[in-house]
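Chain residues, written in single-letter form:
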Amino acid sequence: MKDKTAGKSTTGASILWECIEREGVKHVFGYPGGAILPAYDALKHSKIHHVLVRHEQGATHMADGYARASGQVGVAVATSGPGATNMVTGIATAMLDSSPIVCITGQVGSKLIGSDAFQETDITGVTLPVTKHNYLVTHANEVARTIREAFYVARSGRPGPVLVDITKDAQQTSCEFDWEAAKPQLPGYRPDLSPAREEYEQALDLIHNAKRPVILAGHGIIISGAMQEVRDFAERAGIPVALTLLGIGAFPAAHPLNLGMMGMHGEAWVNHTIQEADLLLAFGMRFDDRVTGNLKTYAPNAKKIHIEIDPAEINKNVKVDVPLVGDLREVLHELLPHVESIDRSEWLDCIDKLKGDSAVRDIQNLPDSGHLYAAHVINDLWRETRDGETVVVTDVGQHQMWEAQYYKHEKARSLITSGGLGTMGFALPAAIGAKVARPEAEVWVVVGDGGFQMTLCELATIVQEKLKVNIAIINNGFLGMVRQWQEFFYERNYAATPLLNPDFAKLGEAYGIRSMTVTERSQVVPSVRAARQHDGPVLINFRVEQEDTVYPMVAAGAALHEMIRRPSKIVETAADE
Amino acid sequence: MLNTYVVYVENKPGVLTRVASLFRRRAFNIDSLTVGRTEKPEVSRMTITVDADRDQARRIEANLYKLVNVLLVENITQEPSIVRDLAMIKVAATHEARSHVLELASVFRARVVDVAPESLTIEITGAEDKIDGLLEVLRPYGVMEMVRTGIVAMRRGKASTTALAAGNGNEDAAEEDVSQSV
C-alpha cells in the first residue's frame, strides 16, 4: 500500500513528531527553549503527550525510567546549549546501564554553527563518549532517516542512548516526507552476532563437568527478555543463581536456586559461593569492579563462560574460557535442549552451610533497640507491597543497597536503579518515567535525603501530571554511603557529609503532595498503608538511624571473600549518646 | 607489540573524531593514524598503529566495531603486507656537504625534491625503519625540518574491499590469492 504521506511537503519539525509517533512513542519528556521552539510549535498536530519537566537532567532520567520500566525507547527533548548540556548526566547514566533512550536537542541555525552563537554548544562533540551514537541534522530532508536510525540503534544489540541534534532551520524548512524511503542505512552496524557451533560445545562440556557451578545473572537477562530461559536453564542444570544489582528481578527472589545479590554489598554467602565455584556462567553481566572485588583473587578456581551481546566486554575485566557472543535469549534457546539434568545437591548443601550465622547478623533478627533502621522501612515496605505490581525506583547510596538486600523482587523490571554510573538524583525523575510508562503499576521512590535534593524540583512535574507516585525518603541526615567510607577508611572524619535538611514533609505539602514524617518502627506500616490508600502522590519522610552501616562490605580493591561484617551487637552510635 | 589495523569507515563528518575519541577514552595509545580516500567515494580508509598486547588488540577491534560508522576492521599485524611511510627531510647542505648528502639520498633511493643555496629537501618513501635509517645518517649534517605522513598499509594479495563490497563482513566472498613479495 502506498504511504499516504509520501510526497507531501512537510516541515522538519512535523516530520520529527510523525517519525517519533511511528516508532511507537506516546510520551516524551522535555523542556522548551529557543532552538527547539519550531518542534514545540509542531507538537500541537501530534498525538504525543509531552511531559514538562523542571530540569533537562530530569527529562533524561524520566526517559530512562520509562525505558527500564517498559522495555520501550524513552524520549527526552531539550533546547540547545544549557538545555542540551543538562542532559549529559542522564545520557551517561543510560549509557552505562545500557538503557535505550533517544534525546532530541535543538541546535542554532546551520549558518550560525561554529560562531559561538547564543546558546550554541557542540553537543554532539560533548556527548560523543557517552552516547551509543549521535547525529547532527542540518537539513529537513535528513530528519526522517536520522530518527529511524536513532531508534533502531538505541534499541538493538546492546541498547544505549542516541542523541539527535537538529538545527533550527532543519526544523523550520520543508521537504517531501516519505517514511518508506527513509529506511535506516547503517552498513557498518551489526547488532546481531551469534556464537560458533564449537563454542556451544565447549560451553556444554564445561557445564556438564562442573561440580560447583554458579550462574551470575545480570541486566542482560532483562534486556533480552530471557527470564524464563534462565529459569529453565537453572532448574534443568540444577545451578544456583547469584544476581548483580541490575540483575535483581531477572530471577525470582523466592526461587530455591536464588542466592541473592553478589558483590561489594552482596550477601556474604553469595560472595563465598562465587569464590569457591569451579564454573561461573556469566549471563548478560560485565564483571564490574563492584561485583568482582580484586580481580587477582576473583573466583580463582573457576572456569568462566560469558554469554554477552557486546564482544567488547569479552575478556575486558575477567579472562573467560568460553565466550558466547550473542543475544542471551537466543543463546540459551540453543543451549537448553543439550543441557543435562545433573544432581548437584552436594554443592547446594555446601552453599547452605556457607550461610553460617549470616541470618543472625541480619538486622531484622537483632533485638529491637527502639531505633528506626532503614532496613525496617524497606522490609516493611516489601511486606506491604509484595502482592501487587510494584515498581521500586531507588537513588544511589546506602538506601539503594538496603533496598537491594531487603526488598525481595520476584519480577523483572520491578527494580529500577542507577548501577553503572551511580547517579544521585536519578530516583525521583526515573520513577516519573516508570509511572508514565506503566500507569497501572504502583510506583515507589526509595531515595536518600541527599539524592532527593538533587532533583526534587520534579515534585512539580508529579503534581502537574497528576501522577500517583509514592516517595519514601530514607532520611539519616548524612550522605550516608560517603559517611560509611569515612567511618571505615578515613578515621570517622565526616568531612562534608552531615546534611542540614529542610522539613521534607512541609516541602511536600508546599508542592501539594500529601506528606508525613515517620520516626518509629511502629509507624512504618500504617504510613505505607495510608500512602497506598491515598488517591494522589504521597511523600513519607522516614527519619532513620543516622550512623547505620551497609553490611557486608567488600572494601574497594579487597578480595571478594574479605568482607567487613555487621558486628553481632549493634554498636553505639552518636545518636545514642 | 605494535599492531597495525586497516579500518574502513563511512566517509562522513566527524568519523575521525569518533575513532580518535575511542582510543583516548579506552586509554589505548595511538602510535600513528592516517586517513584518506579509497576507491569508493563513500568510504574512507584508516591505517592505525597501536601498542597493545593480544587481548587488548582484540578488544580494540571489538570496540572499533561498536562505532556505528565503522565498516570493516582488519588487524594485519600478522598478515603479509606492504607498509609505507613518507617523509620530507630538509637538510642543511652547504657547498662542501652537498655531494655527501646527495650520495646518501641515492643509497636510500630517496629523491631530492628541492634544492636551495643552504639546504636540500629529500623525499623518501618506505617502511618506517628505512626512513629512520636515512634520518640517522643525515642528522650530522643538520636536519632543519622534517615531516612524516605516518604509515599506510595494505595486505598483500587478497583485497579487503572485496569483503567490504560483499557487505557486512562476509569474508567468504573474498578468495584467498597468493602474491609474491616485491
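Quick notes on the rules
- Residues numbered from 1 in each chain as written.
- Chains lettered and ligands numbered in written order.
- Predicted model: local features only at pLDDT ≥ 70, side-chain atom pairs only at ≥ 80, totals over all residues.
- Domains from an automatic or database assignment.
- Contact = placed C-beta atoms within 7 Å.
- Nonpolar A, V, L, I, M, F, W, Y, C, P; charged D, E, K, R; others polar.
- Pairing = 2+ DSSP bridges.
- Helix = DSSP H or I, 4+ residues; strand = E, 2+ residues; numbered from the N terminus.
- Axes fitted to C-alpha atoms, helices over the stretch in contact; angles between N-to-C directions.
- pLDDT = per-residue confidence, 0-100.
- Buried ≥ 20, exposed ≤ 12 C-beta atoms within 10 Å, placed from the backbone.

**Remarks on the domain arrangement of chain A**
All names here are of chain A.
Here is step 1 of the chain: By domain assignment, chain A separates into domain 1 (8–182), domain 2 (197–354) and domain 3 (363–576).
Here is step 2 of the chain: Here the C-alpha centroids of domain 1 and domain 2 sit 37 Å apart.
Here is step 3 of the chain: Listed by partner, the interface residues are 5 residues for domain 1 and 5 residues for domain 2.
Here is step 4 of the chain: Its residues placed into classes, the side of domain 1 that touches domain 2 shows 1 nonpolar, 2 polar and 2 charged.

**Quick notes on the sheet that holds strand E19 (residues 514–518) of chain A**
Residues and elements named next belong to chain A.
Here is step 1 of the chain: Taken in spatial order, the 6 strands line up as E16-E15-E17-E18-E20-E19 in an open sheet, and their pairing is parallel. The outermost strands of the open sheet, each flanked by one partner alone, are strand E16 (415–416) and E19.
Here is step 2 of the chain: The sheet contact formed by strand E17 (residues 442–448) and strand E18 (residues 469–475) spans 6 bridges and is parallel. Pairing of Val446 across the sheet is with Ala472, part of E18.
Here is step 3 of the chain: In this fold helix H18 (residues 398–406) packs onto strand E15 (390–394), E17 and E18, with an angle of close to 135 degrees to the strand it touches most, E17.

**Quick look at the confidence of the model for chain A**
Here is step 1 of the chain: Mean pLDDT over chain A stands at 94; residues scoring 70 or higher make up 95%.
Here is step 2 of the chain: Contacts from residues 570–577 of chain A, a stretch scored under 50 in pLDDT, to residues over four places away or in other chains number 9 contacts.

**A word on the environment of Val115 of chain B**
Here is step 1 of the chain: Within the secondary structure, Val115 of chain B sits in strand E6 (residues 111–115).
Here is step 2 of the chain: The spatial distance from the C-alpha of Val115 of chain B to the C-alpha of Val91 of chain B is 10.0 Å, given a sequence separation of 24 residues.

**Overview of H18 of chain A**
All names here are of chain A.
Here is step 1 of the chain: Within H18, 9 of the 9 residues are buried, which leaves it mostly tucked inside the rest of the structure.
Here is step 2 of the chain: Every buried residue of H18 is accounted for by Gln398, His399, Gln400, Met401, Trp402, Glu403, Ala404, Gln405 and Tyr406.
Here is step 3 of the chain: Contacts from the buried residues of H18 go to strand E11 (258–261), helix H17 (374–385), E15, E17, E18 and helix H22 (480–489).

**Some details on the sheet that holds strand E4 (residues 74–78) of chain A**
What holds strands together in a sheet is hydrogen bonding between their backbones, with the strands either parallel or antiparallel.
Residues and elements named next belong to chain A.
Here is step 1 of the chain: With parallel pairing, 6 strands are arranged side by side in an open sheet as E3-E2-E4-E5-E7-E6. The sheet is open, and its two borders are formed by strand E3 (49–52) and strand E6 (133–137), each paired with just one other strand. The sheet shows a mean angle of 20 degrees between the axes of neighbouring strands, direction not considered.
Here is step 2 of the chain: Relative to strand E5 (residues 101–107), E4 is paired through 5 bridges, and the arrangement is parallel. The residue of E5 that forms the bridge with Gly74 is Ile101.
Here is step 3 of the chain: Contacting strand E2 (27–30), E3, E4 and E5, helix H3 (residues 56–70) runs over the sheet at an angle of about 170 degrees to E4.

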